[in-house]
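# Structure at a glance
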Amino acid sequence: MERTPDGTPVGVDDPYAVAGVCDHLTDDGRCRFALTRSGDDPEFAAARRADGYDCHVGADGAWRACPHYRSTTDAKTCARCGLADVRLAHDDSRPLVEEHHLSYGGDGSHEITVGLCRWCHAKVHNSIARIDDDARPDPEAIAERERRRETERSASSFEAASEGYEPEN
């Protein structure tokens, strides 16, 4: 199993097997890296420009061949148990779903991340749990999600102005 620089497991044997589409790939198949960051790698940008900025790898997933490939998560849902994050406005509490690195993007590798709820994140790093396990959300995770949903519902409930207004005598 792949490991972090600190030696803890990341939950997969091959990060590319679960990696998504490149963050730099536009909807029309062009390389956003070459379009917007040409000064970071002029040779790469020139080669992409000569090809009309088309992604030289394509959306088929042969991502290892691209020096600028990266696949990062939006961290809205846990890739292991499916728990959806609930974020509250003006609340600095820890997110339910966190970014989990499968590959860190150093020494010729690419940055690859998935979203894991903090309970699955701990299980992956502290045991032999894998991100592709058939897992259910932890009871504590469900309780915290429901607490946040209730807060969200109560904050968005409609209250007529006449009901909230107390006239002074």
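### Some points on helix H3 (residues 42-50)
Considered for burial, the residues of H3 that qualify are Phe 44, Ala 45 and Arg 48. In a view along the axis of H3, the buried residues occupy a sector of 95 degrees, so they form one face of it. Counted as exposed and oriented over 90 degrees from the buried face of H3: Pro 42, Glu 43 and Ala 50. Turning to H3, the residues buried within the fold contact helix H2 (32-36). Looking one or two residues past H3, Gly 52 carries a phi angle of roughly 70 degrees, positive in sign.

### Observations regarding the side chain of His 101
The residue His 101 is located in strand E2 (residues 97-104) in this model. A distance of 3.2 Å separates polar atoms of two side chains, one belonging to His 101 and the other to Glu 111. When near neighbours in sequence (up to four residues on either side) are disregarded, His 101 contacts Val 10, Glu 111, Ile 112 and Thr 113.

Reading guide: rules and limits
- Sequence order as written defines residue numbering, which begins from 1 separately in each chain.
- Confidence filtering applies because this is a predicted model: local features only for residues at pLDDT of at least 70, side-chain atom pairs given and counted only at 80 or more, and all residues used for totals across whole chains, interfaces and linings.
- Calculated side-chain values reflect all of the structure's heavy atoms, with hydrogen atoms and water omitted.
- Each residue is placed in one exposure class: buried if its accessible area under a 1.4 Å probe, protein chains only, is under 20% of its type's maximum, exposed if it is over 50%, and partly exposed if it falls in between.
- Every helix listed is a DSSP run of H or I at least four residues long, and every strand listed is a run of E at least two residues long, numbered separately from the N terminus.
- Taking the helix axis as origin, the arc is that swept by the directions to the C-beta atoms.
- Should any heavy atoms of two residues lie within 4.5 Å, those residues are counted as being in contact.
- Two N or O atoms count as a polar contact when they lie within 3.5 Å, although within protein this holds only if one can serve as hydrogen donor and the other as acceptor, and sequence-adjacent residues are included solely when both atoms are side-chain atoms.

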